[in-house]
Amino acid sequence: MKRIVAIARVETLRLLRTPAAFTLILLVPAFQVLLFGAAIRPQGGEIRVAIAAPTPAAGAQIATRLRAEAGIRLIGNVRAKGGAAAAVRAGEADIAVEIPLVRSMANPFAPNLPVRLVVDAANPALTEAGVALLYARYWQEAAGRSEVSVPPLVVERLFNPQARPDWPFLAGLIGVTMMISMVMLGCLSLAREREGGTWETLLTLPGGRLTLLLGKALPYVAIGTAQGLSVLAIGAGLFALPTRGAVLALCALLPLFAGVHFLIGYAISARAATQIAALQGAVGFYLPAMLLSGFLYPFETLPLWAQRIGLTFPLTHFVAAARDVLLRGAGARTVMLAAWPMLVALCVVGALAAWAQTRRVD
Amino acid sequence: MSTKDTDAARIDVSGLAKSFGGRLAVSGFSLRVDGGALIALIGANGGGKTTSLRMLAGLIAPDTGTGAVLGCDVQAPQRRDRARIGFMTQRISLYPELTVRDNLVFRAAMHGLHEPAKCVAQAIADHGLGAHVFSRTAHLSVGWARRVQFAATLLHAPPLLLLDEPTAGLDPVTREDIWVRLAALAAAGHTVIASTHDLMEAERCEGVILFDSGRADAATTPAALCQRAGAATLDAALITLARATAKAAA
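Small disclaimer: the values here were computed from a predicted structure and weren't measured. (Residues numbered from 1 in each chain as written. Chains lettered and ligands numbered in written order. Predicted model: local features only at pLDDT ≥ 70, side-chain atom pairs only at ≥ 80, totals over all residues.)

*Asks:* Pulling in residues and values, what's your account of the overall build of chain B?
*Replies:* When helices and strands are tallied, chain B shows eight helices and ten strands. Its C-alpha atoms give chain B a radius of gyration of 18 Å, within 12% of the compact-globule value 18 Å for 250 residues. Summarising its shape, the C-alpha atoms of chain B cover approximately 55 × 40 × 35 Å along the three principal directions. For chain B, buried positions account for 48% of its 250 residues. The long-range share in chain B, meaning contacts at least 24 apart out of those at least 6 apart in sequence, stands at 67%. (Helix = DSSP H or I, 4+ residues; strand = E, 2+ residues; numbered from the N terminus. Rg over C-alpha atoms; globule rule 2.2 N^0.38 Å. Buried ≥ 20, exposed ≤ 12 C-beta atoms within 10 Å, placed from the backbone. Contact = placed C-beta atoms within 7 Å.)

*Asks:* Go over unusual backbone geometry with me, naming the residues and quoting the values.
*Replies:* Its identity as a non-glycine residue notwithstanding, Phe 159 of chain A has a phi of 70 degrees, on the positive side. As for its position among the elements, Phe 159 of chain A is in the loop between strand 5 (153–158) and helix 6 (166–196). Notably, Leu 70 of chain B is not glycine yet its phi reads approximately 50 degrees, a positive angle. Mapped onto the secondary structure, Leu 70 of chain B falls in the loop between strand 4 (64–69) and strand 5 (72–73).

*Asks:* Summarise the confidence of the model for chain B; cite the residues concerned and give the values.
*Replies:* As a general rule, the predicted coordinates of low-pLDDT regions are not to be interpreted in detail. For chain B, the mean per-residue pLDDT works out to 89, and 96% of the residues sit at or above 70. For this predicted complex, the interface confidence comes out at an ipTM of 0.88, alongside a pTM of 0.86. (pLDDT = per-residue confidence, 0-100.)

*Asks:* Before we move on, can you summarise the interface of chain B and chain A with the specific residues and values?
*Replies:* The extent of an interface is frequently quoted as the accessible surface area lost upon association of the parts. Every contact between the two is made by 19 residues of chain B and, on the other side, 13 residues of chain A. Listing elements by their share of the side of chain B that touches chain A, those giving two or more residues are helix 1 (49–57) and strand 6 (85–88) of chain B.

*Asks:* I'd like a description of the environment of Leu 26 of chain A, backed by residues and values.
*Replies:* Mapped onto the elements of the fold, Leu 26 of chain A is located in helix 2 (residues 19–38). In this structure the C-alpha to C-alpha distance between Leu 26 of chain A and Gln 227 of chain A, which are 201 residues apart in sequence, comes to 32 Å.

Below you can see the structure in the form of structure tokens.
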């Protein structure tokens, strides 16, 4: 028993005197509580709905009713036939309500067409709740009406016809796996030298900060790119993940994405005393990046302040671009727009990493 | 192995001092040596030998003091010409996942050596590493790893060698081998500064600097240090001087 107490005492003392372990125990859970309590709202998103109807009057009635629904935001005025579906295809709306010409006394020969809900199903976690709400409201309304014939309601899901929840995750997973690997490996790069005893010698060898940084980064950028391509290939091969848009442009983005995250890890590593401390830094970076990127929860459901923080993470831009390209078939321009924030991050983090990497041991 | 150096003095520093968090690590470290010098830094653990070597290597900026190492200001470590310094840490500093040859090839590449393969082959032959060329350094004994580290430090034939306990943990034969090499290097014009706890090794040197609780004595000869302590050997001299310091402090 005395030995057990002795070991427990030593473990406790070591834990309390290791700041990195202490961070793991207290700060990370505190941070998670803060994020989940204040920012993560998986079901709280506002669904953008566009309405198209044969006459403005027919659409206006529905528009008035939908405006009263919490969680629904109407986009623009009532559009002409096909206009709402076009708004979904253009990314302006999440759901389109296409109301047909209904057979009536005024239009006795109108074909008996269904009401169409055209849904952007690329991110079903966001839109399926809206579909369910509209579906329920429609049949509640129909039940209260005196007309014998109520047009049926059909749901057309664009980009992801079966509303497969795995597709948006797989598209985002390319970025998430790369981010975690690159930040972790970057975090170990210098801390491992320091703990392994090679750092001091490395500092006495010729070559500046940039030489060391580039030499360290190159293999990992190649590894990260290969990892991203593997996830994409596995997703497409095993889970039928679509590869619709500018896939080559997206693949060309992978080295940049890997490089940014390696440099983030490298900058952490340059200031971390031990590998454990560096890995704590990695967790401290990628946890909020993952939670605020829109990978796990729809980005649109985050409060504005959390969205602003989320936009500072390269992962947020990558996840959006990957989903747009792979699921929605977006072109190279989407990838270019995602590349800009990453290029800015690369410059900022690169400068930070080079600065943080001291050439001295004091 | 030959070296060309035109600096008036390879090391000319005066009054170097360094503290860490209010604790004085070194004070009063002065040294002026030209090419061909073989100097030993001796003294108790924590005396300031390693810190002094690091200041000379440009790994640490002194808090106070002036001078130059290989013509570069000692207060501006970032400007130190690293290609002309061979620094060997006390701790084994090889990549354990790499083979002996890969470690040497890496050092050759970092120093931008012409014909690196030839240089590495020569180093392997010179230091008797042939049997371990393709062994990972993680699998080597401490003695063999230190031999590899020593070979890597000498690979680019630096005019200034700064060695922190290069023979620590080695058997007598290997220690002898290393000191014979150091003497030969000094004879060939290299400047060698090495810290050691083995005072028989220090007696081989033309100069010694005694470190005691962070205070560095002026460089002197082993014989002069013995005379000062009234001792027959350097070993006895060191013990006598250390006890005298402790008594004075008490």
